[in-house]
Amino acid sequence: MTDTSNLLLAVRGLKVAYRTRDRVIEAVRGVDIDVRRGEVVALVGESGSGKSTIAHAIMGMLPPAASITAGTVTFDGEDLTRLSERAYRRLRGQRLGWVPQDPMVALNPSHRVGRQVAEPLLIHRLASKAEAKTRAIEALGRVGLGQPEIRAEQFPHELSGGMRQRALIAGALICGPALIVADEPTTALDVTVQKRILDDIGALAASSGTAVLIITHDLAVAADRADRIVVLRHGTVMEEGDARDVLRNPQDAYTRLLLASAPSLSSGRRRHATSHPAAGAVRPLPDPRPPLVAVENVTKDFAVSDAGGHRGTFRAVDGVSLAIAPGETLGLVGESGSGKSTLARIVLGLVQPTSGEAKFEGRALAGLSAAEERERRRQVQPVYQNPFSSLNPRLTVAEIVGEPLAGFRLGDREWRRRRTLELLDQVGLPHAFAERLPAELSGGQRQRVAIARALAPEPALVVCDEPVSALDVSIQAQVLDLLAELQHRHGLAYLFISHDLAVVRQVSDRVGVMKDGRIVELDTADEVFRAPKHPYTRLLLDSIPGRRLAEAS
Amino acid sequence: MTMTYPRGEGSAAAGRPVSRALGELRIATASLLRQPGLLLASIVLATVLSAALFPQIFTPLNPLRGSGAARLLAPSAAHWFGTDQLGRDLLTRVVYGTGESVKAVAVAVMVGLVLGSVIGLLAGYVGRWVDDILMRVMDVLLAVPTLLISLAIINALGFGTFNIAIAVGIGSVASFARVMRSEVLKVRQMPYVEAASFAGIGPLRTLIRHVLPNAAGPVLVLATLELGMAILSVSALSFLGFGAPPPAPEWGLLVAGGRDYMATAWWLTTLPGLVIAITVLSANRVARALDRRHAATF
């Protein structure tokens, strides 16, 4: 803090307020942040902490409803809050680089990638057209895109998400800025891609002396890359300091909560507190009962047509066999497009496999009568990724949770009412929530409602497709605990799907690793994580952020 | 953001919708006061509506009886809209014509809304060949100009204000069906609809409980937008003489009746025409406000 000569960005007492129709919301309430030259600083916080608002305030890109009500943002000796829009424009792209959050929407689909990367050079008149073109190709090569000459001539839709994010980083770096602000630069990407891109940002910053301010919700990402960490909550800084110090010796209670909630590979199997410790050790042994659900050698092809109109098939699931025993949790990990969600839908009976068979209690799904199919649907319940779209916005919590009870004609009206309240108790929601609408609940509370609905008809298997991916880490931990407790209480089996290996490890007895529609490895969770056999599993494990986190604990 | 409900178990269900409705009313009034244009449009529509229901409170005169001495008088303090060739007070005729026009417009919009919604709902939810057949028929309806369709239907049904309303309504079925279908397609693939199939709920109940309420919003907004269009179409058709026979006051008919006196008595066509224009503009302004409110809540 004393070393001010090297200070590049100094945010002092920053307050930002959003003005809505009937009130003013203070999103940032007096924040101090320092970034020195060549330093990587991570701004960590959960949704609603004001981290993105701070990033936008620094870039002078606050939405019209927001305004800086107090404080200064000094960049290289100049107070940015007093800058005119004109003066800001000279700064942006040239000395202040910006890497936006979602690479899928941040590039203009109707311009070639090279032109968009070169745009800052042309706007700031730093290069001629021809020169800008060669420098754009150079920059694309520098951020690790193969064949940059070809990439520069392509349109954004021809590039994958990771490639687009690299192109955006190339655009942010092309003028040699003193500071890059990256707002959740890898949130939309798969872990293996995330690792490479974060490595690239780090290496490029180090080699060019550019300072980086990374905004992230993921403490593990911050832990691995940053020199210093700033922890934000409700618009105030909870803790700020050297990354290693913060991780090893967190001073603030909220930082400790975040650290404890962050799923990392060092944390073991999450179990209900009262369950016998030995139970976990004995569990993955072969269960004498027949499997609840089994898929045998299933393949699923989807018809696709490419840009040229040629029809073909895309094999989403390719010859997969697996079985889930009563009471066990089978975790399924894989990156986007690995076929894990399609496999889940085959298990749920929502997708017919092209070949192979899905079975429920030893009987093929295709051969079930209408009444048997109804009973199967009672026993196999889904929990979806996004609790914002899995609950009907027009029904109250009680109506949503009570729906399967009425649908399967369980009990009478009075019994159903009591059972609904009992289910709310089980998922830790107060009875007062019964009459609320989903819009009045937070994401974590909605996921609890979705879980209560799935539990209502007393199923044997719950298929959870990314059940915590849409939630903040501290909420994730609570929901995972709840799932573990309910499993212990009701002897439920779970098919648990996630892109997040650390989360899967915490809940699973056995883990399957999917890639390109195949299960490349399927074994007990301990085996998969301690002694991975397939090279892809090893790559996945290496890519998980949070190594420093594990070292610190 | 956090809300507390300090009520007991029993009163929770009863007390809640009332307080919510009151709150929404308060917000609606507050936003109305902040938009003078919208306020004015709402007042115009309220006036038109009350004129339709209780014309006597707006004018003491009889719309059908004129006085020979007061023929073709220009607008004045005694006759705000002037008088026609038979000495009838034009304002009185416009006021009494409101009822007929409003009734026709209401029927037209209801016909379009109900028929279009059912067709769109079936097409979107059942899909496959049902969708193909229904929507191709709708495409044909859309391909022919609305006025032409209405004329054809009136020719089949016969003249009269009610038949005009039916004809205008059928002319707008296609746009309702298309909006409903696209909304149903959107809602149908929501996870909560899929979840309903794991709650032991049949397709019909899913349609009524989960799909319809969540798809209806934009269709209702379209209905308010169609209101303005329907006023115009109904007036246009009665202007052409397909509606009520002459002595009865009706907006389109009033405009038509004044044509012969254009050169000497401009007010006979201009003022009823102005009333139609202002009502259409007000209906559209209110519809736009509803549309925006709808967009903001979803």
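Residues numbered from 1 in each chain as written. Chains lettered and ligands numbered in written order. Predicted model: local features only at pLDDT ≥ 70, side-chain atom pairs only at ≥ 80, totals over all residues.

A short note on the sheet that holds strand β1 (residues 7-19) of chain A
Residues and elements named next belong to chain A.
Moving on, step 1. The strand order across the open sheet formed by four strands is β2-β1-β4-β5, and the pairing between neighbours is antiparallel. At either end of the open sheet lies a strand with only one pairing partner, and these are β2 (24-36) and β5 (78-79).
Moving on, step 2. Relative to β2, β1 runs antiparallel, the two being bridged by 10 bridges. The residue bridging Lys15 from the neighbouring strand is Arg29, located in β2. (Pairing = 2+ DSSP bridges. Helix = DSSP H or I, 4+ residues; strand = E, 2+ residues; numbered from the N terminus.)

Some remarks on the interface of chain B and chain A
Moving on, step 1. In this complex, chain B contributes 17 residues to the contact, which on the side of chain A involves 20 residues.
Moving on, step 2. For the side of chain B that touches chain A, the element with the highest residue contribution is helix α8 (residues 191-197) of chain B, accounting for four residues. (Contact = placed C-beta atoms within 7 Å.)

Section: the domain arrangement of chain A
Moving on, step 1. The domain boundaries assigned to chain A delineate domain 1 (1-95 + 177-261), domain 2 (104-175) and domain 3 (324-354 + 369-552).
Moving on, step 2. Look at where the C-alpha atoms of domain 2 of chain A and domain 3 of chain A centre, and you get two points 40 Å apart. (Domains from an automatic or database assignment.)

Describing the sheet that holds strand β17 (residues 461-465) of chain A
Residues and elements named next belong to chain A.
Moving on, step 1. If you trace the six strands from one edge of the open sheet to the other, you get β16-β17-β18-β13-β19-β20, paired in mixed fashion. Either end of the sheet is taken by a strand with one partner, and the two such strands are β16 (380-383) and β20 (518-524). Here the average twist between neighbouring strands, direction ignored, is 15°.
Moving on, step 2. Pairing of β17 with strand β18 (residues 493-498), which is carried by five bridges, proceeds in the parallel orientation. Each residue of the ladder has a partner; that of Val463, found in β18, is Leu495.
Moving on, step 3. Together, β19 (510-515) and β20 form the strand contacts of helix α20 (residues 535-543), whose direction differs from that of β19 by roughly 100°. (Axes fitted to C-alpha atoms, helices over the stretch in contact; angles between N-to-C directions.)

Regarding the confidence of the model for chain A
Moving on, step 1. For chain A, per-residue confidence averages 83 on the pLDDT scale, and 91% of positions sit at 70 or higher.
Moving on, step 2. Predicted confidence in chain A is weakest over helix α11 (residues 277-282) of chain A, with a mean pLDDT of 40, and strongest over β16 of chain A, with 92. (pLDDT = per-residue confidence, 0-100.)

A few points about helix α15 (residues 413-426) of chain A
Residue and element names in this part refer to chain A.
Moving on, step 1. Taking 1.5 Å as the rise per residue, α15 with 14 residues should run 20 Å; its terminal C-alpha atoms sit 20 Å apart, in good agreement.
Moving on, step 2. For α15, the set of buried residues is Arg416, Thr420, Leu423 and Leu424. Buried residues of α15, seen end-on, are gathered within an arc of 100° and therefore sit on one face of the element. Exposed and oriented more than 90 degrees from the buried face of α15 are Glu414, Trp415, Arg418 and Asp425.
Moving on, step 3. As for α15, its buried residues are in contact with α14 (397-407) and α16 (443-455).
Moving on, step 4. Once α15 ends, the next one or two residues include Gly428, with phi positive near 75°. (Expected span 1.5 Å × (residues − 1). Buried ≥ 20, exposed ≤ 12 C-beta atoms within 10 Å, placed from the backbone. Arc of directions from axis to C-beta.)

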